[in-house]
Amino acid sequence: MHKSLIATVLLIVAGCAPYMNGTDYLATLEYTQISTNDWKIFTPEKNVWQSEYKYKSFLPQYFPVTDKDGLQWGAIFNYFYATYASDSNPPLALWVGFPAALGAWKSTGGDFFGNRVESAPTNTAPSLCKNKCFGVEISTNAVDIDFDTQGVFVMKENKAIRGDLISLNKGYLCKDTVYMNHGTYNLSEPQTISLMQFKRYPKDKLAYPSFGFKFPLDCWDVENTELVITGFTYKGKPIPPLKVRMNYMNLSQVPNYESPAEAQQK
């Protein structure tokens, strides 16, 4: 038995132990736009478990792909983009991330016997959902539009749930929280851009503001809710609200392959 243990250790040291190939399949939120106005949203493909390497910016002219390094882990897989444009307004661009949304993943690989190895999904871990903090991080382009932060709320069963405004440049949204007063901010003002920054962004400061909102909801509370983003005005004229319904994929399923046929809800 002693010799067998030594042999096992040597195999591990030699790199023959089970390995993972780095493909992580993630549960993500799905987003359905329910407002009928000049807003247009851009979302990751539905019913597909996306690898972490499939992240993309749908509006790279405003939010470069490299800026994702400033997000918390969960928000890299739970996000959408949106634009609003009309004849009387300049384009308004949003990048909306959800750092505290539930993430379930599975890595695939093989062992030295040629057997397929899959890590266990994490969606059953109680710790993932016990925290009553649902974070919404909204970045905007630096455009001459005013933003009343009280205009962001979540609708659940016909009840409006309002969140706190958080300083993202002081810490993580759900940890070491530093609260701010709700107010009206001009998105192009240098003071706004300087104040509304990611603390965790590792490079130079971003050229646009990022607002953090903290809601007293756990990750399961988010299912079948409506996120309302409003409070924008251009030269005193209100911009219509953006309303997006949020639903999780079926977390009981983790497909073996990343394709719509494998990942589709049953």
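Residues numbered from 1 in each chain as written. Predicted model: local features only at pLDDT ≥ 70, side-chain atom pairs only at ≥ 80, totals over all residues. Heavy atoms only, no water.

A.B. asks: Please explain the pairing of strand β5 (residues 89–97) as it appears in this structure.
C.D. replies: If a strand is regular, its side chains alternate between the two faces of the sheet. In terms of burial, β5 is largely enclosed, as seven of its nine residues are buried. Pairing analysis gives seven bridges linking strand β4 (residues 79–86) to β5, with the strands arranged antiparallel. Considered in β5, the bridge of T83 is made with A93. (Buried < 20%, exposed > 50% of the residue type's maximum accessible area, 1.4 Å probe, protein only. Helix = DSSP H or I, 4+ residues; strand = E, 2+ residues; numbered from the N terminus. Pairing = 2+ DSSP bridges.)

A.B. asks: Explain the environment of M246 to me, please; I cannot follow it from the model alone.
C.D. replies: Along the chain, M246 turns up in strand β19 (residues 242–248). The buried category is assigned to M246, whose relative accessible area is 0%. Considered as a pair, M246 and E30 are 216 residues apart in the sequence and their alpha carbons are 5.8 Å apart. The contacts of M246, once residues within four sequence positions are left out, are L29, E30, Y31, F98, F134, V222, E223, N224, T225 and L227. (Contact = heavy atoms within 4.5 Å.)

A.B. asks: Even after reading the chapter, I still don't get the nonpolar core, so can you show me in this structure?
C.D. replies: Most often, soluble globular proteins keep nonpolar side chains buried together rather than apart. Ranked by size, the top nonpolar core spans 41 residues in total, and within it L92, L94, F98, L227 and F232 carry the most contacts. At four residues, β19 tops the list of elements feeding residues into this core. If sequence neighbours within four positions are ignored, F232 has contacts with W39, L92, L94, T140, I145, D146, F147, L187, K237, P238 and I239. L59, Y81, L173 and F198 belong to the second largest nonpolar core, which has 18 residues in total. (Core = buried A, V, L, I, M, F, W, Y, C linked by side-chain atoms within 4.5 Å.)

A.B. asks: How do you make sense of the sheet that holds β5 when you look at a structure like this?
C.D. replies: Each strand in a sheet pairs with its neighbour through backbone hydrogen bonds, running either in the same direction (parallel) or in the opposite one (antiparallel). If you walk across this open sheet you meet the seven strands as β3-β4-β5-β8-β15-β12-β13, and the pairing is antiparallel. The sheet terminates laterally at β3 (39–42) and β13 (179–180), the two strands that pair on one side only.

A.B. asks: Sorry, what's going on with the pattern of salt bridges here?
C.D. replies: Between side chains of opposite charge, pairing is possible as soon as their charged atoms come close. Within the structure shown, the criterion is met by three salt bridges. For K132, the salt bridge is made with D221, and the minimal N-O distance between the two is 2.7 Å. Of the two residues, K132 sits in the loop between β7 (116–118) and β8 (134–140) while D221 sits in the loop between β15 (210–215) and β16 (225–229), which places them 89 residues apart along the sequence. With relative accessibility at 18%, the residue D221 sits in the buried group. Taking the shortest distance from any N to any O, the salt bridge between E226 and R245 comes out at 3.7 Å. Within this pair, whereas E226 is found in strand β16, its partner R245 is found in strand β19, the two being separated by 19 residues in sequence. For E226, a relative accessible area of 13% puts it in the buried group. Via salt bridges that share partners, K132, D218 and D221 belong to a single interconnected network. (Salt bridge = Lys/Arg side-chain N within 4 Å of Asp/Glu carboxyl O.)

A.B. asks: How should the confidence of the model for the protein be read in this particular structure?
C.D. replies: Atom-level detail of predicted coordinates should not be read off regions where pLDDT is low. When pLDDT is averaged along the protein, the result is 77, and 68% of the positions lie at 70 or above. For residues 2–22, every residue scores under 50 in pLDDT, and the model assigns this stretch 23 contacts once sequence neighbours within four places are set aside. In the predicted structure, residues 253–266 sits below a pLDDT of 50 and forms 38 contacts with residues beyond four places in sequence or in another chain. (pLDDT = per-residue confidence, 0-100.)

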